[in-house]
Amino acid sequence: MTEEREAERGAQRDWLVPRPFGRPVPLALVGWLALIWVMLWGELSFGTVLGGLATGAVVTWLLPLPALDPGIRFRPLPFLRFLAWFLLDLVMSTARVVIWVLRSGSPPTAIVSTPLRTSSEAMTVMIMVAVTTVPGSVVLAADRERRHLTIHVLGRSGTEAEVAEVTQLEVAALERRIVTAFGTRDDRKELE
C-alpha cells in the first residue's frame, strides 16, 4: 500500500518538475518567476506572460537550485491550536506587563534555564522566536548541545523556584504545540 502511494507521489512530482535534457525545471518556480517578470514590466499581456514563462524556464534550467529541506512541515489543525494558545498568551502576558508598568516600584524579574526536548534547530529557533515575541520574556541564550534556553522573565510574582517551574512548564507546552504544528515525524517522536 505504501509503495503504491510513493509511486503515485513520485508521478505527481515528475509532472510538477519535468526534466528536459536531464535537468529539473520546477513549474511552480517558473510560474513565480513569470509573475515577477510581469510585475517588473508593469503590463499584463500575452507577450509579457509568455516572455516571463520562457525566461523562468531558461533560468531554472540553467541555474538549478539545490534541494533543501528546512525540516518544517505545516499541519493546519495543530497550527490553529498553536495560534489560539499563542494569541491568548500574548494577551495575558501583555496585561501582566502593563499591570507591572502601572504599579510603582520595579517588577520582579528572574533568569530561568529551561530544558528542551527537541534537537531540531528549526524547532528551537521557532520556540525562541515565540518566547521572545511574548511581552515579559526574552531568550538570553540557547545551548544547542545541552538543549537549554536561558530566559529572562519579567513580571512573574512568586519565589524563584515557582517562577522557574511555571516558566519551564509554559515553554514545554509551547514546544509541544510548535513541534506538533511544524515538526517532522522525527521531531514529534522526540517529544514522546
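Going by the structure above, here's the rest.
A few points on the structure.

Definitions and limits used
- Residues numbered from 1 in each chain as written.
- Predicted model: local features only at pLDDT ≥ 70, side-chain atom pairs only at ≥ 80, totals over all residues.
- Heavy atoms only, no water.
- Salt bridge = Lys/Arg side-chain N within 4 Å of Asp/Glu carboxyl O.
- Helix = DSSP H or I, 4+ residues; strand = E, 2+ residues; numbered from the N terminus.
- Buried < 20%, exposed > 50% of the residue type's maximum accessible area, 1.4 Å probe, protein only.
- Core = buried A, V, L, I, M, F, W, Y, C linked by side-chain atoms within 4.5 Å.
- Contact = heavy atoms within 4.5 Å.
- Patch = residues over 30% accessible without salt bridge, like charges linked within 9 Å, V, L, I, M, F, W, Y side chains within 5 Å.
- Areas by Shrake-Rupley, 256 points an atom, 1.4 Å probe, with all protein chains shown as cover.
- Phe/Tyr/Trp six-rings, centres within 6.5 Å; stacked < 30°, edge-to-face > 60°.
- Lys NZ or Arg CZ within 6 Å of the ring centre and 35° of its normal.
- Pairing = 2+ DSSP bridges.

1. A closer look at the pattern of salt bridges
Applying the stated rule across the entire model yields 5 salt bridges. As a salt-bridge pair, Arg147 and Glu190 come within 3.8 Å of each other at their nearest N and O atoms. Taken as a pair, Arg147 in the loop between strand S2 (137–143) and strand S3 (148–154) and Glu190 in helix H7 (residues 185–190) lie far apart in primary sequence, 43 residues in all. You can call Glu190 partly exposed: its relative accessible area is 27%. Between Glu170 and Arg156 there is a salt bridge, with the nearest N and O atoms lying 2.7 Å from each other. Taken together, the residues Glu170 in helix H6 (residues 160–182) and Arg156 in the loop between S3 and H6 connect sequence positions 14 residues apart. Assessed through its relative accessible area of 16%, Arg156 is described here as buried.

2. Observations regarding the nonpolar core
One finds Phe82, Ile127, Val131, Ile151, Leu174 and Ile178 to be the most contacted residues of the largest nonpolar core, which totals 24 residues. Every element with two or more residues in this core is listed here: helix H4 (76–102), strand S1 (109–115), helix H5 (121–133), S3 and H6. With 8 residues, H6 is the single largest residue contributor to this core. Apart from the residues within four sequence positions on either side, Ile151 is in contact with Ala110, Ile111, Val112, Thr114, Val131, Ser137, Val138, Val139, Leu140 and Val171.

3. Structural notes on a nonpolar patch on the surface
Nonpolar side chains collect at one region of the surface, where Trp32, Leu35, Ile36, Met39, Leu40 and Trp41 lie side by side and expose about 730 Å² of accessible area between them. Topologically, Trp32 is positioned in helix H2 (residues 27–41). When its relative accessible area of 51% is taken as the criterion, Trp32 is described as exposed.

4. Details of the packing of aromatic side chains
The final tally for this structure, using the stated rule, is 7 aromatic pairs. Summarising the aromatic geometry, the rings of Phe74 and Phe182 are spaced 6.3 Å apart at their centres and angled 45 degrees between planes, so their arrangement reads as tilted. Linking Phe74 in the loop between helix H3 (46–62) and H4 with Phe182 in helix H6, this pair joins segments that are 108 residues apart in sequence. In this structure Phe74 comes out as exposed when scored by relative accessible area, which is 53%. Both rings, one in Phe82 and one in Phe86, keep their centres 5.7 Å apart while their planes meet at 25 degrees; by these two values the pair is stacked. Of this pair, Phe82 and Phe86 are both found in helix H4, 4 residues apart, which corresponds to roughly one turn of the helix. One aromatic cluster in this structure is built from Phe74, Phe79, Phe82, Phe86 and Phe182. Its guanidinium or amino end placed over the ring of Trp100, Arg103 lies 4.4 Å from that ring's centre, counting from NZ or CZ.

5. Observations concerning unusual backbone geometry
Here Arg147, not a glycine, exhibits a phi torsion of approximately 60 degrees, which is positive. With a relative accessible area of 31%, Arg147 lands in the partly exposed category.

6. A short note on the pairing of S1
Only one face of S1 is covered, namely the face carrying Ala110, Val112 and Thr114; the face carrying Thr109, Ile111, Ser113 and Pro115 is uncovered. As defined by bridge partners, S1 adjoins S3 across 7 bridges and the pair is classed as antiparallel. Bridge pairing in S3 places Pro115 opposite His148.

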